[in-house]
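# Per-entry structural report
The residues making up each chain are set out below.
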Amino acid sequence: MLRNKLETAHQECRQRGMDPAEIRRPSEVLSEGKLAEKRQFYSDILEVVHAFSRQVLRSLEGTPLLIVISDEQGYILDIRGDAAIQEMIQQLGIESGVRFTLTDLGPNVISLALNEQKPVALIGDDHYFHFLHATACYSSPFRYTDDNTLLGSISIMTTMEHENYLFHHMLTNVVGSIERELLLRRQNDKLNVLNQIMMERTQNAVIVTDARGVVTEYNASAEQISGFDRDNILGLSIFDSSITGDYFEQVLCEGKIYKDVEIDVKNDGRPQYICLFDAQPIYDAKEERIIGGFAQLRDITERHRLQEQYNYLAYHDELTGLPNRRFFQNELEKLMHRREADTGLLLIDLDGFKSINDTFGHSNGDQLLQSVAQRLNAVISRRGQLFRISGDEFLVLVRHLSGECQLNEIAASILREFQHPFDIDDRSLHITASIGGAVYEQQPPNLESYMVHVDAAMYKAKSSGKNDYRMFSPEMHLHSREDLMMESEFRRALDRGELVLHYQPIVDINTASIACCEALIRWHHPEHGLLSPGKFIPLAERTGLIVPMGEWVIREACRQHQAWKEQGLPPVQICVNISAQQFLKRDFVQSIADALALYEVSPEFLDIEITESMAMDFNHAEHVLKELRGLGLHISMDDFGTGYSSLYYLKRFNIQTLKIDKTFIDDLSGCEGDSVLVGTMLAMAETLGMRAVAEGVESDVQLQRLLELGSPYIQGFYFSAPLPAETFAANYQPLIDEIKQKVKKGVDEH
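Presented here is a report on the structure given in the accompanying data block. Nothing here was measured: the structure is a model prediction, and the numbers come from that model.

## Here we look at the overall build of the protein
From N to C terminus, the protein includes 29 helices and 27 strands. With the C-alpha coordinates aligned to their principal axes, the bounding extent of the protein is approximately 115 × 65 × 45 Å. By the burial criterion, 50% of the 750 residues in the protein qualify as buried. Sequence separation of at least 24 residues holds for 63% of the intrachain contacts in the protein that already meet a minimum separation of 6. When the 72 basic and 111 acidic side-chain charges of the protein are each reduced to a single mean position, those positions are 2 Å apart.

What follows is the structure, given as structure tokens:
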């Protein structure tokens, strides 16, 4: 039923002309004065809701979430929880005092929960507006249950990465507790003191004293919990009680009120009870003087036992059995409290794990995570404490660190473990890891610094090519903030058409002509101008946008090939780079076939460049490459020499072109070893009947060395920088002439 209403609400938004890409802000906002009045009016209700909200936040400490409280009209009365999410939604105009309506914000959990008067969950694109697609929201109304008066709603907002239906169930239970507490307080307000003390009709332990602290009432539940008979307690001073005496002294002497104080009640030879303790003074009719004290103890022993069991599960990862993020945060708090120095932290992020999950299924992904955890445990051993903090991220906490060199050694030993494949069922999977580390010789300034530092270092390792580790340095923090802003902008770049392809020719030395050209992506940023791939490819990989971006590159390359033909240029083979995530998609081959058919491009004019890392699952790689060759495509191995492929792989994969990585070309002018390596690669390619391309050629010296080594194909700035499609077409003939001159010059000098 809710799904139908949700679809209807989406349709109504479209009919009203609401743009889903727009960032909508609530139009109704209370003034500060009106908000203060409303909060004062709801003060008793908010007190109850806040008490249970704090329990929820404590139980889920470490999970990024917000708890949002509204009145029955949808006005936000309070927002509590994760500061980062709170700051983000504040920038979107969502803060205390605004009103949530279907008209302003389309389908949202607050409006739907209030309208439907039942719990609601909106996950990701259940929301109409795109800026809410990254959130998972849950809401439940709460009311006075005695007359069904709607009071408002309580909602949980978190990120999609932490979406869990347990929040929905938890919220329902919390609202039930809130409604029971509100009902109890409402009834207490309606009854006079004598009616509140219906001693034998309550399951709570009730104690009443006179103004001097002498016990005048002690019910059966109090007998059961304390283990003392009523007749033996009446007439005694409550101040002598080691459990409640101090509380009653504050109540009777200072008029203090206690609510929901958790206390242990344990006497020799008696079962231990965990109770919530309330106490307040009893005033005379004119409320001028205290004439006694009243207290009740609510038995929550069973709930406390279940909570302890839940706490264990809440502090350990179910899949691997490792301590989880919440456990880790508790350990950090202890370090902070003890002001412990000389600690180190390593954040381990598995490279390309999402692709493995998508390709081989979550069951195999789970087995891989368990195997990774076992290896890490063996490596860490007694040197540190290992945690699993999210899907593919692990942490190592090292105490009493002797210095950064010790942390470097641990990180290096971890990376060595990833050189060996993981055997999962009948597959042998290769996976790498990127590691960020930080050393704290002194106590860090705050708790957040621990994670911010290693996170920045880890992303530095990823952006530097992955399968490596980096130690934190202060400038990384600045870069990480820039990356966050860039990530937000990149998510919109595809939709806005800001991505473009530039084309760099690959020169056939024997004919002094353009053999083909490589399509290289650029981001035409509206503020920063033309950005190179190094600025945004790591973001695309991290956000999963690398796949739709890669599919766009293939379509755009096919379109451009056809456009050049229509402009009169000779047919040019275009080489496109494929990401590992894209290569592992089940519909990868079909997406290429669709692009070729859409623009009527003959397959031999499209060259697919893979990398050695894509051979991590040999069977899958061989199957996909066979299908690509079946389409008639040309296959190249890019960045050859930097990975772990073998001659056996090259032969079985039927590779047609080897592209020798730029790192080997850079030092040709001064390193004899690199000349030998490049010569060996060229000879191997010739022996295997493959075309060899030397990448990154930029100088006369490099060209001369490659001519000496017999390199037949050369790519690099020496002949041409990557050019926009229009420039490539307009200057095609001058470019050919310039290539002929440079080849002739090189051959003559050679």
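## Let's talk about the packing of aromatic side chains
The final tally for this structure, using the stated rule, is 17 aromatic pairs. With a centroid separation of 5.0 Å and 40° between ring planes, the pair formed by Y247 and F277 is classed as tilted. With Y247 in helix α11 (residues 245-254) and F277 in strand β9 (residues 273-283), this residue pair connects regions lying 30 residues apart in the sequence. We classify Y247 as partly exposed; its relative accessible area is 22%.

## A look at the packing of helix α22 (residues 588-599) against helix α23 (residues 618-631)
It is at 10 Å that the axes of α22 and α23 come closest, and there the two elements cross at 15°. Judged by the angle between their axes, α22 and α23 are roughly parallel. Two packed elements cross with a definite hand, and for α22 against α23 that hand is right-handed. The segment α22 lies against α23, with F588, V589, I592 and A593 engaging V624, E627, L628 and L631. Residues of the contact of α22 with α23, tallied by class, amount to seven nonpolar, no polar and one charged.

## Side note on α23
Here α23 spans 20 Å end to end across 14 residues, near enough to the 20 Å set by a 1.5 Å rise per residue. Every buried residue of α23 is accounted for by F618, H620, A621, V624, L625 and L628. The buried residues of α23 occupy an angular sector of 160° when projected down its axis, which confines them to one face. α23 presents K626 and G630 as exposed residues on the side facing more than 90 degrees away from its buried surface. Backbone geometry just downstream of α23 places G632 in the positive-phi region, at approximately 95°.

## Some words on the sheet that holds strand β8 (residues 258-265)
One open sheet accounts for five strands, arranged β7-β6-β10-β9-β8; its pairing is antiparallel. Sheet topology places β7 (215-218) and β8 at the edges, where each strand pairs with a single neighbour. Each neighbouring strand pair of the sheet contributes to a mean axis angle of 25°, computed without reference to strand direction. Here strand β6 (residues 205-210) pairs with strand β10 (residues 290-299) via six bridges, running antiparallel. Across the sheet, the residue bridging to I207 is A295, located in β10. Packed onto the sheet, helix α12 (residues 301-314) meets β8, β9 and β10 and runs at close to 135° relative to β9.

## Points about the pairing of strand β16 (residues 432-440)
In terms of burial, β16 is largely enclosed, as eight of its nine residues are buried. Pairing between strand β11 (residues 343-351) and β16: nine bridges, direction antiparallel. What sits directly across from L350, in β16, is A433. Where β16 lies against strand β17 (residues 469-471), three bridges are found, and the strand directions are parallel. Considered in β17, the bridge of G437 is made with M471.

## Re the pattern of salt bridges
Enumeration according to the criterion identifies 30 salt bridges in this entry. The salt bridge involving R99 is made with E28; its shortest N-O contact spans 3.2 Å. Remark: E28 occurs in the loop between α1 (2-15) and α2 (32-41) and R99 occurs in the loop between α4 (83-91) and α5 (102-105); sequence separation between them is 71 residues. Relative accessible area serves as the criterion here: at 24%, R99 is assigned to the partly exposed category.

## Quick word on the side chain of Q581
In this fold, Q581 is placed in helix α21 (residues 580-583). Here Q581 is in contact with S355, E541, G544, I546 and V547, once residues within four sequence places are set aside.

## Quick word on the sheet that holds strand β1 (residues 65-71)
Read across the sheet, five strands follow the order β2-β1-β5-β4-β3 without closing on themselves; strand pairing throughout is antiparallel. The open sheet has two edge strands with one neighbour each: β2 (76-81) and β3 (120-123). On average, each strand axis in the sheet is inclined to that of its neighbour by 15°, with strand direction left out of account. Bridge count between β1 and β2: five bridges; the pairing is antiparallel. Note on β2: the bridge partner recorded for L66 is G81. The sheet strands contacting helix α3 (residues 43-59) are β1, β2, β4 (135-144) and β5 (149-159), and the helix crosses β1 at an angle near 165°.

## Concerning the nonpolar core
With 86 residues, the main nonpolar core has V576, I608, L628 and F728 as its most contacted residues. Take this core: its biggest share by element is nine residues, from helix α20 (residues 546-566). Residues L386, L415, A433 and M471 belong to the second largest nonpolar core, which totals 32 residues.

## Here's the deal with the environment of Y75
When you line up the elements, Y75 lands in the loop between β1 and β2. Owing to a relative accessible area of 12%, Y75 belongs among the buried residues under this scheme. With 24 residues separating them in the primary sequence, Y75 and R99 have C-alpha atoms 4.1 Å apart. Each residue touching Y75, except ones within four places of it in the same chain, is listed here: E28, L30, K38, I69, S70, G97, V98 and R99.

## Some details on unusual backbone geometry
Phi is positive for H400, close to 50°, though the residue is something other than glycine. Its place among the elements puts H400 in the loop between β13 (393-398) and α16 (404-417). By relative accessible area, H400 is classed as exposed at 66%. Even without glycine at this site, N467 takes up a positive phi of about 50°. Examined against the element boundaries, N467 turns out to sit in the loop between α17 (447-463) and β17.

What counts and what doesn't
- Residues numbered from 1 in each chain as written.
- Predicted model: local features only at pLDDT ≥ 70, side-chain atom pairs only at ≥ 80, totals over all residues.
- Heavy atoms only, no water.
- Helix = DSSP H or I, 4+ residues; strand = E, 2+ residues; numbered from the N terminus.
- Buried < 20%, exposed > 50% of the residue type's maximum accessible area, 1.4 Å probe, protein only.
- Contact = heavy atoms within 4.5 Å.
- Lys, Arg positive; Asp, Glu negative; His and termini not counted.
- Charge placed at Lys NZ, Arg CZ, Asp CG, Glu CD.
- Phe/Tyr/Trp six-rings, centres within 6.5 Å; stacked < 30°, edge-to-face > 60°.
- Axes fitted to C-alpha atoms, helices over the stretch in contact; angles between N-to-C directions.
- Parallel < 35°, antiparallel > 145°, perpendicular 65-115°, else oblique.
- Left-handed = near helix turned anticlockwise from the far one by under 90°.
- Nonpolar A, V, L, I, M, F, W, Y, C, P; charged D, E, K, R; others polar.
- Expected span 1.5 Å × (residues − 1).
- Arc of directions from axis to C-beta.
- Pairing = 2+ DSSP bridges.
- Salt bridge = Lys/Arg side-chain N within 4 Å of Asp/Glu carboxyl O.
- Core = buried A, V, L, I, M, F, W, Y, C linked by side-chain atoms within 4.5 Å.

In short, shape yes, function no, at least from these values alone.
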